[in-house]
Amino acid sequence: MGAQLNIKDAETVRLARQLADATGQSVTAAIRAALERELRENEKAKAERRQRVREIVKGSRELLKPEFRDQELSLTHGDLLYDEDGLPK
């Protein structure tokens, strides 16, 4: 016996049957195709969000003073409060 999925929502069942009829597929094939499409779209949206974040980071780096642009910058509160000799700024 194969895997089973018990859908208890009547509207979801209606939509699955409607999709199957519209595509000429079985309900199982229609649901599988819809789930695969949704997962692809979800992955594409995540990739687009990651790209937007990279662009924001790149744009933010361009706002830095030229002497800091190509450096790895990591600050702690101590970097902001104390000089290189450990004395308050």
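Structure's up top.
Okay, so let's go over this structure. These numbers come from a predicted model, not from an experiment. (Residues numbered from 1 in each chain as written. Predicted model: local features only at pLDDT ≥ 70, side-chain atom pairs only at ≥ 80, totals over all residues. Heavy atoms only, no water.)

1. Some details on the overall build of the protein chain
- Helix and strand counts for the protein chain stand at 3 helices and 0 strands.
- Secondary structure elements of the protein chain occur, N-terminal to C-terminal, as α-α-α.
- Here the C-alpha atoms of the protein chain give a radius of gyration of 27 Å, more than 25% beyond the 12 Å that 2.2 N^0.38 yields for 89 residues.
- Dimensions of the protein chain, computed from C-alpha atoms along their principal axes, come out at roughly 75 × 25 × 25 Å.
- For the protein chain, the proportion of its 89 residues judged to be buried stands at 4%.
- Total accessible area on the protein chain stands at roughly 8,300 Å², and carbon and sulfur atoms take up 55% of it.
- The distance from the centre of the 17 positive side-chain charges to the centre of the 17 negative ones in the protein chain is 8 Å. (Helix = DSSP H or I, 4+ residues; strand = E, 2+ residues; numbered from the N terminus. Rg over C-alpha atoms; globule rule 2.2 N^0.38 Å. Buried < 20%, exposed > 50% of the residue type's maximum accessible area, 1.4 Å probe, protein only. Areas by Shrake-Rupley, 256 points an atom, 1.4 Å probe, with all protein chains shown as cover. Lys, Arg positive; Asp, Glu negative; His and termini not counted. Charge placed at Lys NZ, Arg CZ, Asp CG, Glu CD.)

2. Notes on the pattern of salt bridges
- Tallied over the full model, the rule gives 3 salt bridges.
- Residue Lys 46 pairs with Glu 43 through a salt bridge whose shortest N-O separation is 3.2 Å. On the criterion of helical spacing, the pair formed by Lys 46 and Glu 43 is a turn pair, its members being 3 residues apart in helix H2 (residues 27-62). (Salt bridge = Lys/Arg side-chain N within 4 Å of Asp/Glu carboxyl O.)

3. Here's the deal with the packing of helix H1 (residues 10-23) against H2
- Look at H1 against H2: their axes get within 8 Å of each other, and the N-to-C directions meet at 95°. On the basis of their axis angle, the class for H1 and H2 is roughly perpendicular. Contact residues: Ala 16, Arg 17, Leu 19, Ala 20 and Thr 23 in H1; Val 27, Ala 30, Ile 31 and Ala 34 in H2.
- A breakdown of the residues in the contact of H1 with H2 according to their chemical character gives 7 nonpolar, 1 polar and 1 charged. (Axes fitted to C-alpha atoms, helices over the stretch in contact; angles between N-to-C directions. Parallel < 35°, antiparallel > 145°, perpendicular 65-115°, else oblique. Contact = heavy atoms within 4.5 Å. Nonpolar A, V, L, I, M, F, W, Y, C, P; charged D, E, K, R; others polar.)

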